[in-house]
Amino acid sequence: MSQLRGAAVVVTGAGGGIGAALARRFAAEGARLVVNDADADKARAVAAELDATALPGDASTIVAAARDALGGTVDVYCANAGIAAAGDPFTEDEDVWSTAWDVNLMAHVRAVRTLLPDWLERGEGRFVSTVSAAGLLAMLGAAPYTVSKHAAYSFAEWLSLTYRHRGVKVHAICPQGVRTNMLTEAGELGQMVLAPSAIEPEAVADALMAAITADRFLVLPHPEVAGYYRARATDPDAWLDGMNGVQQVWEKRSAGPV
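Bear in mind that the values here come from a model prediction, so they are computed numbers and not experimental data.

Visitor: How should the side chain of H222 be read in this particular structure?
Guide: Mapping H222 onto the fold places it in the loop between β7 (218-219) and α9 (224-234). By relative accessible area, which is 2% here, H222 ends up buried. There is a polar contact of 3.0 Å between the side chain of H222 and the backbone nitrogen of Q176. Reaching out from H222, the side chain makes a polar contact with the backbone oxygen of G177 at a distance of 3.4 Å. With residues near it in sequence (within four places) discarded, H222 still touches P175, Q176, G177, S197, A198 and I199.

Right, dumping it as structure tokens:
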């Protein structure tokens, strides 16, 4: 992909999973990379593998340093870092909500706040948001995750509709289950819903590259999500009934023998 050869790319949450797969694919396309992860050892390991620069730490705080490391500009910013906060939204400490909101949404807002002036001045820039199908639909058993991912999708959509005519490209990646640590930690309900159709992180990277080539906003590594999204919009009550049915199956299973 000629548009990525030599491009200055930042990937957050790139110590493993989807982020590492994205970083490897951008490197294979000839991009220059900054690899970020909260786990410093993982960030440095991936960076060493790809001859990239490691900038560990909070993804919200590294944008200026990443730009300096890449020679003064960032062409592509992948807001991939995220957390999957599960649990009962009414019994969990409110810190669970605030952390999900901060990592899954506000880190994106802060990055764009720093990057956008340069992108608008140059007339080009690319923002990639790893949203999740939960941002289009919902994830049972994970209210903070679902709500914050809906917000992340909405922010990416707003960014595109506001600035696409000024050269800012935006892609929202919305996979279902991906074989990463996040899926492993999703608990029994997450495994029941997501594991059967889970894909490898590399398939997500392939889907993004196809979307970049086609200049397409919505990236669906699981194509069937388009049908679910259409059904949700066409008949919300039927879709809610269906999802509630899955919830009831889970409740019966988790209750165990009577």
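Picking up after the structure, the text goes on.
Visitor: Explain the packing of helix α1 (residues 17-28) against helix α8 (residues 201-214) here, please?
Guide: For any two helices packed against each other, one specifies the inter-axial angle together with the distance between the axes. Where α1 contacts α8, the axes come no closer than 8 Å and their chain directions differ by 50°. With respect to α8, the axis of α1 lies oblique. For the element pair α1 and α8, the recorded crossing hand is right-handed. Facing G17, I18, A21, L22, R25 and F26 of α1, the residues of α8 in contact are P201, E202, V204, A205, D206, L208, M209 and I212. For the contact of α1 with α8, a count of residues per class yields 10 nonpolar, one polar and three charged.

Visitor: What should I look at first to understand empty space enclosed by the protein in this one?
Guide: Vacant regions in the atomic arrangement are exposed by a probe of water-molecule size rolled over the atoms. Taken as a whole, this structure holds one cavity of 30 Å³ or more when the rule is applied. If you add up the space inside the largest cavity, you get close to 30 Å³. Every residue lining the largest cavity is listed: T12, A59, Y77, A79, A81, A107 and H108. Mapped onto the lining of the largest cavity, the elements with two or more residues apiece are β4 (76-79) and α4 (94-122). Across the lining of the largest cavity, the residue classes break down as five nonpolar, two polar and no charged.

Visitor: Explain the pattern of salt bridges to me, please; I cannot follow it from the model alone.
Guide: Any two side chains of opposite charge can pair, on the condition that their charged atoms come close. One pass over the full model with this rule turns up 10 salt bridges. The partner of E29 in a salt bridge is R25, with the nearest N and O atoms 3.3 Å apart. Residues joined in a network through salt bridges with shared partners are D75, D118, R122 and E124.

Cut-offs and rules
- Residues numbered from 1 in each chain as written.
- Predicted model: local features only at pLDDT ≥ 70, side-chain atom pairs only at ≥ 80, totals over all residues.
- Heavy atoms only, no water.
- Helix = DSSP H or I, 4+ residues; strand = E, 2+ residues; numbered from the N terminus.
- Buried < 20%, exposed > 50% of the residue type's maximum accessible area, 1.4 Å probe, protein only.
- Polar contact = N/O pair within 3.5 Å; in protein donor to acceptor, adjacent residues only side chain to side chain.
- Contact = heavy atoms within 4.5 Å.
- Axes fitted to C-alpha atoms, helices over the stretch in contact; angles between N-to-C directions.
- Parallel < 35°, antiparallel > 145°, perpendicular 65-115°, else oblique.
- Left-handed = near helix turned anticlockwise from the far one by under 90°.
- Nonpolar A, V, L, I, M, F, W, Y, C, P; charged D, E, K, R; others polar.
- 1 Å grid on protein atoms, 1.4 Å probe; cavity = no way out; pocket = protein on both sides within 12 Å on 5 of 7 lines; lining within 4 Å.
- Points joined across faces, edges and corners; volume = space filled by probe spheres on them.
- Salt bridge = Lys/Arg side-chain N within 4 Å of Asp/Glu carboxyl O.

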